[in-house]
Amino acid sequence: MDDITPDLLLRAYASGIFPMAPDAGSTELSWYLPEERGIMPLNGMHVPKKLMRLVMSGRMTVTADRAFDEVMLACAEPAPGRETTWISGRIRTLYGALHRQGNAHSIEVWDGEKLVGGLYGVSLRGAFFGESMFSRERDASKVALVHLVAGLRKGRFTLLDTQYTTPHLTGLGGIGIPAADYQSLLHQALTVRAVWPDDFSLQALRESIASLRVPAGRAPAGDPP
């Protein structure tokens, strides 16, 4: 797999597959096509009251594409329960090239001048393929995800691919679907001319974020209201 290029990566994503490295120090990459695919329904995200209050308070500032390389490095850092990473130097180089050509993006969460959370992924037509996220402060990655979903809705994206499901994601409305259903959603998304928003700040996305509130009497499983 020495001949992987940014353009080949985009063709792979359009086919529903993505690469990962066995560990941070490896130069090898393998392709993955999960039988069950994780997605975050853009009309089905559940934001509990406590998280919504944090997001709407503006205590954390959110930007996009301001620190792509720093976000990738932070996502690759060891964390409790994740002592190793699949984000290798080769992965960072490939996705850095995608970022420079406008097909990979980052969401950054700041506490003052300190980068405390964020995520990155690949955009292609009406699909956004989330790759990884990190938190250095409680709920910072969730703040990034809320802003991402609100921004994708505003930009008329139709698919947010999370690759796999995790308790972190399912608590906010993420689900797993069969590969065949995912392929159908992906095919539809690739016909959409979505626009990546220029501004992911609270000021720009307040209305879209507010629409993600959990309806009265309903709280996501495992997440207090």
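These figures come from a predicted structure and were not determined experimentally. (Residues numbered from 1 in each chain as written. Predicted model: local features only at pLDDT ≥ 70, side-chain atom pairs only at ≥ 80, totals over all residues. Heavy atoms only, no water.)

### Observations regarding the overall build of the chain
The condition that has to hold: Strands here mean DSSP runs of E at least two residues long; helices mean DSSP runs of H or I at least four residues long; both are numbered from the N terminus. Radius of gyration: C-alpha atoms only; globule rule: 2.2 Å multiplied by the number of residues to the exponent 0.38. Only protein chains enter the accessibility calculation, which uses a 1.4 Å probe; a residue is then buried when its area is under 20% of its type maximum, exposed when over 50%, and partly exposed in between. We call two residues in contact whenever any of their non-hydrogen atoms come within 4.5 Å of each other. In this description, accessible areas are obtained by the Shrake-Rupley approach with a 1.4 Å probe, and a residue is regarded as covered only by the protein chains that are shown. The positive count covers Lys and Arg only, the negative count covers Asp and Glu only, and His and the chain ends enter neither. Taken as the charge centre is NZ of Lys, CZ of Arg, CG of Asp or CD of Glu, depending on the residue.
A tally of regular secondary structure across the chain gives eight helices and nine strands. Over its C-alpha trace the chain gives a radius of gyration of 17 Å, about what one expects of a compact globule, namely 17 Å for 225 residues. Considering only C-alpha atoms, the chain reaches an extent of 50 × 40 × 35 Å along its principal axes. Split into buried and exposed, the 225 residues of the chain put 52% on the buried side. Sequence separation of 24 or more characterises 76% of the internal contacts of the chain that already satisfy a separation of 6 or more. When the accessible surface of the chain is totalled, it reaches about 10,800 Å², and 51% of it is carbon and sulfur. The chain carries 23 positive and 24 negative side-chain charges, and their two centres are separated by 9 Å.

### Digging into the pairing of strand 3 (residues 36-39)
Where we set the bar: Note on pairing: two strands pair once DSSP finds at least 2 bridges between them.
Bridge analysis of strand 3 against strand 9 (residues 175-178) gives four bridges, and the strand direction is antiparallel. Looking at strand 9, one finds that Gly38 is bridged to Gly176. Two elements, strand 3 and strand 8 (residues 159-163), share two bridges in a ladder whose sense is antiparallel. Bridged to Gly38 within strand 8 is Gln163.

### A look at the environment of Gly174
Inspection of the secondary structure assignment puts Gly174 in the loop between helix 6 (167-170) and strand 9. C-alpha of Gly174 to C-alpha of Met40: the two residues are 134 residues apart in sequence and 4.4 Å apart in space. For Gly174, the residues in contact, after removing those within four places along its chain, are Ile39, Met40, Pro41 and Leu169.

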